[in-house]
Amino acid sequence: MITFRPVADHAILVDFADTLSDAAHAAVLHLDQALAARPCAGFREAIPAFVNLLVDFDPLITDHRAVETHLRGLLDHPAAATSLPAQREVLVCYDDDLAPDLASVARMTGLSTETVINAHLAGDYAVFLYGFAPGYAYLGGVPKPIQLDRKPAAVRGVAAGSVIIAGPQCLVTTLTMPTGWWIIGRSPTQILTGDPERPFLFDVGDKVRFRRITRAEFASGGGA
Amino acid sequence: MADAVFKTVFAGPHASIQDGGRRGLMRFGVPASGPMDRKSFALANLALGKDADAAGIEISMGGLVLDCVSGATTLAIAGGGFIVERDGARLGSWSTLPIRAGQKLTIRPGPWGSWTYLAFAGKLTATQWLGSAATHALSGFGGGKLTTGQEITITDAIQHSDAITAIACPIWARPRQHLHVVLGPQDRYFSAAALQALLTEPFYLTSAYDRMGLRLRGPSLAPDAALSIPSEAILRGSVQVSGDGVPTVLLSDHQTTGGYPKIATVLADDLDGFVQLRTNDAVAFKAITAPQAVQLARTRAAAIATVYAKVRDLAGR
């Protein structure tokens, strides 16, 4: 059941479901792509999330009804499947001093630290949405055996580049910030690339794999 | 043309470089940022004949003191009712004034308002991030916060005239206590009693107020269920309610997604006046339909455009 909900004078939220589902998220990404290919008059930007797409528009040019009509048209006449999602690689070093919670995760899951690392590396991840801060891409796909609830309290001053997990989600931080997630490694991969042509490493929907690197490779920025 | 250089003698906690903001990047976790009170910021620029979105300085109630150390230029100050002094001679905000090497500019809070804006006749040198000098407070990206001792360089600085000129303060630049909202997009998670409380009871600004958002105090709006929903987009103006029933209005540097339900969203144009309120001021929410909100936005935009054109014309003389 697709629901269109007005948001103030300048946006519309297209809800595909109330709760998380793969089908709802796939529908979000499909509509997001279709809208990017065929934007309506007055379109400003779209923000994909787990189960909905927010479409922001200029109220001096269009209104909720016209935007809804356009979006319904895109849903009624779906474009042929576009290109497959891009595959991105993120490097990660799991050395103790860069992974302060690895031992705790191992203890709480009853696994060895090497098994935790291998489980993390084995995950097939996808970018579900960005949020919280610039470049904070929420990756779904943490394997079940290493899924843990977040910590009861946040830890301050967690370094940028930390690879953190909570529940089914994984994130590579871009800023030094507090977090209540489990810090299991550090990555030299820059999500904020500094490249004006492509300032963010991921698009929402991209697939992500982690690749383990040594401390020496980490120290040299990934050995790339 | 020459440069004018200022030295920051004192900068309050929220003085930062802003411009029209960086739009279109919320899908990457980046809010637009830009001035808290967009219209006053635009008026400061327009009063100098500049582009409405040109880079300038946002000043909070923490104030700002600058020494002009070389060159000369004209300043415009708009937004709030701040106290402005040039070498101790007292002026108000809402004026343009010439300044030259050896003179001191002091800006501190006055009778009303929480934010004021300083524009320069010339080009403010500022670090850009993703095509904009707007400072994102959480990351410090963009032009950045001003710190004591920092130099500010205005290139192609010009001094328009020797006169101090008033900028007319439009009625809509005053603090706004009545906010129009469109209910939702998650009003369905709230009881009829909570929705009625939102629309009939006063709420008060707390001191939990920064560029990310402003927490309100008032009756509890605890949602019926859905303490957290799957994270979804947040906008400037979203009224999100945490599990304890406390509403927060999200502002210029808002998080782009979050999992608290949004009971309502404030009309974009009402936010400029809202941010000029102060701690313990009261606000009242009034629900309007989405078509009414669009109509109101258009009516307002037409009136604002008329004032902008007038200010721009005066600057041209």
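The text that follows walks through the structure, step by step, so that each part is easy to find. Per chain, the residues get numbers from 1 upward, laid out in the order the sequence is written. Labels follow written order: the first chain is A, the first ligand is 1, and so on. In keeping with the predicted nature of the model, local features appear solely for residues at pLDDT of at least 70, side-chain atom pairs appear and are counted solely at 80 or more, and the whole-chain, interface and lining totals rest on all residues. Values reported for side chains reflect all heavy atoms of the structure, with hydrogen atoms and water molecules removed beforehand.

Here's the deal with the interface of chain A and chain B
Okay, so step 1: Note on contacts: a residue pair is in contact if any heavy atoms of the two residues lie within 4.5 Å. Across the contact, 45 residues belong to chain A and 39 residues belong to chain B.
Okay, so step 2: As used here, buried area is the combined drop in accessible area, with a 1.4 Å probe, of two parts when they are placed together. For the chain A and chain B pair, buried surface summed over both sides reaches about 3400 Å², with 66% attributable to carbon and sulfur atoms.
Okay, so step 3: The rule for a salt bridge is simple: a side-chain nitrogen of Lys or Arg has to be within 4 Å of a carboxyl oxygen of Asp or Glu. Between chain A and chain B we count three salt bridges in total.
Okay, so step 4: Aspartate 18 of chain A is the salt-bridge partner of arginine 188 of chain B, the closest N and O atoms lying 2.9 Å from each other.
Okay, so step 5: In the analysis that follows, any N or O atom pair within 3.5 Å is treated as a polar contact, provided that within protein one partner can donate a hydrogen and the other can accept it, and provided that, for residues neighboring in sequence, both atoms belong to side chains. Linking chain A to chain B there are 12 residue pairs in polar contact (both at pLDDT 80 or more).
Okay, so step 6: Secondary structure elements with two or more residues in the side of chain A that touches chain B: strand 1 (3-7), strand 2 (11-15), strand 3 (43-48), strand 4 (52-57) and strand 6 (125-130) of chain A. Labels follow the DSSP assignment, with helices taken as runs of H or I lasting at least four residues and strands as runs of E lasting at least two, numbered in each case from the N terminus.

Overview of the packing of aromatic side chains
Okay, so step 1: What counts as a ring pair is set by centres within 6.5 Å for rings of Phe, Tyr and Trp (its six-membered ring), and what kind of pair is set by the plane angle: stacked under 30 degrees, edge-to-face over 60, tilted for all other angles. Evaluation of the coordinates by the stated rule reveals 13 aromatic pairs over all chains.
Okay, so step 2: Ring plane angle 75 degrees and centroid distance 5.4 Å describe the contact between tyrosine 130 of chain A and phenylalanine 28 of chain B, whose orientation is recorded as edge-to-face. Within this pair, whereas tyrosine 130 of chain A is found in strand 6, its partner phenylalanine 28 of chain B is found in the loop between strand 2 (16-18) and helix 1 (38-46), the two belonging to separate chains. Both residues of the pair, tyrosine 130 of chain A and phenylalanine 28 of chain B, belong to the buried class.
Okay, so step 3: Ring geometry for tyrosine 138 of chain A and tryptophan 181 of chain A: centres 5.8 Å apart, planes at 75 degrees, overall edge-to-face. One end of the pair, tyrosine 138 of chain A, is in strand 7 (residues 137-140); the other, tryptophan 181 of chain A, is in the loop between strand 11 (177-179) and strand 12 (182-186), with 43 residues separating them in the sequence. Across the pair, exposure class does not vary: tyrosine 138 of chain A and tryptophan 181 of chain A are buried alike.
Okay, so step 4: Among the aromatic side chains, those forming a connected cluster through ring pairs are Tyr130 and Phe200 of chain A together with Phe28 of chain B.
Okay, so step 5: By definition, being over a ring means that NZ of Lys or CZ of Arg is both within 6 Å of the ring centre and within 35 degrees of the ring normal. In this structure, arginine 188 of chain B packs its charged tip against the face of tyrosine 189 of chain B, placed 4.7 Å from the ring centre. Any residue under 20% of the maximum accessible area for its type is buried, any over 50% is exposed, and the rest in between are partly exposed; the area is computed with a 1.4 Å probe on protein chains only.

Observations regarding the layout of surface pockets
Okay, so step 1: Here the second largest pocket defines a volume of roughly 950 Å³.
Okay, so step 2: Buriedness of a pocket was judged along seven lines, with at least five required to meet protein on both sides within 12 Å; pockets are open sets of points on a 1 Å grid over the protein atoms alone, cavities are sets where a 1.4 Å probe fits but cannot get out, and lining residues have an atom within 4 Å of a point. Contributing to the lining of the second largest pocket are 33 residues, with Arg44 of chain A together with Arg23, Arg38, Ala268 and Asp269 of chain B lying nearest its centre.
Okay, so step 3: For the lining of the second largest pocket, the elements supplying multiple residues, two or more each, are strand 3 of chain A together with helix 1 and helix 4 (290-316) of chain B.
Okay, so step 4: Considering each element in turn, the lining of the second largest pocket owes the most residues, six residues, to helix 4 of chain B.
Okay, so step 5: Polarity classes work like this: nonpolar for Ala, Val, Leu, Ile, Met, Phe, Trp, Tyr, Cys and Pro, charged for Asp, Glu, Lys and Arg, and polar for all others, with Gly in that last group. Considering only residue class, the lining of the second largest pocket consists of 15 nonpolar, five polar and 13 charged. Grid points are joined across faces, edges and corners, and a volume is the space filled by probe spheres set on the points.

Topic: the nonpolar core
Okay, so step 1: Counting 50 residues, the largest nonpolar core has Leu216, Leu251, Ile263, Phe274, Val283 and Phe285 of chain B as the members making the most contacts within it.
Okay, so step 2: For each domain, the first and last residues come from an automatic or database assignment. Residue assignment places this core across two domains, with domain 1 (4-172) and domain 2 (178-297) of chain B each supplying three or more.
Okay, so step 3: Ignoring anything within four residues of it in the chain, the contact list for phenylalanine 274 of chain B reads Arg176, Leu179, Leu205, Leu214, Leu216, Val249, Leu251 and Val283 of chain B.
Okay, so step 4: Membership of the second largest hydrophobic core comes to 38 residues, among which are Ala119, Val127, Ile146 and Cys170 of chain A. Side-chain atoms within 4.5 Å are what join buried Ala, Val, Leu, Ile, Met, Phe, Trp, Tyr and Cys residues into a set we call a nonpolar core.

Observations concerning empty space enclosed by the protein
Okay, so step 1: With the rule as written, the count across this model stands at two cavities of 30 Å³ or more.
Okay, so step 2: Approximately 60 Å³ is the volume found for the largest cavity.
Okay, so step 3: In terms of lining residues, the largest cavity is bounded by Asp15, Ala17, Asp18, Val51 and Asn52 of chain A together with Gln186, Arg188, Tyr189, Ile229, Pro230 and Glu232 of chain B.
Okay, so step 4: Within this model, the second largest cavity holds a volume of roughly 30 Å³.

Quick look at the pairing of strand 10 (residues 169-172) of chain A
All names here are of chain A.
Okay, so step 1: Of the two faces of strand 10, the one carrying Gln169 and Leu171 and the one carrying Cys170 and Val172 are both buried.
Okay, so step 2: Bridge analysis of strand 9 (residues 162-166) against strand 10 gives four bridges, and the strand direction is antiparallel. Residue pairing for strand 10: alanine 166 is matched across the bridge by glutamine 169.
Okay, so step 3: As consecutive antiparallel partners, strand 9 and strand 10 are separated by two residues, and within that stretch glycine 167 has a phi angle of approximately 55 degrees, a positive value. The criterion for strand pairing is that DSSP finds at least two bridges linking the strands in question.

In short, shape yes, function no, at least from these values alone.
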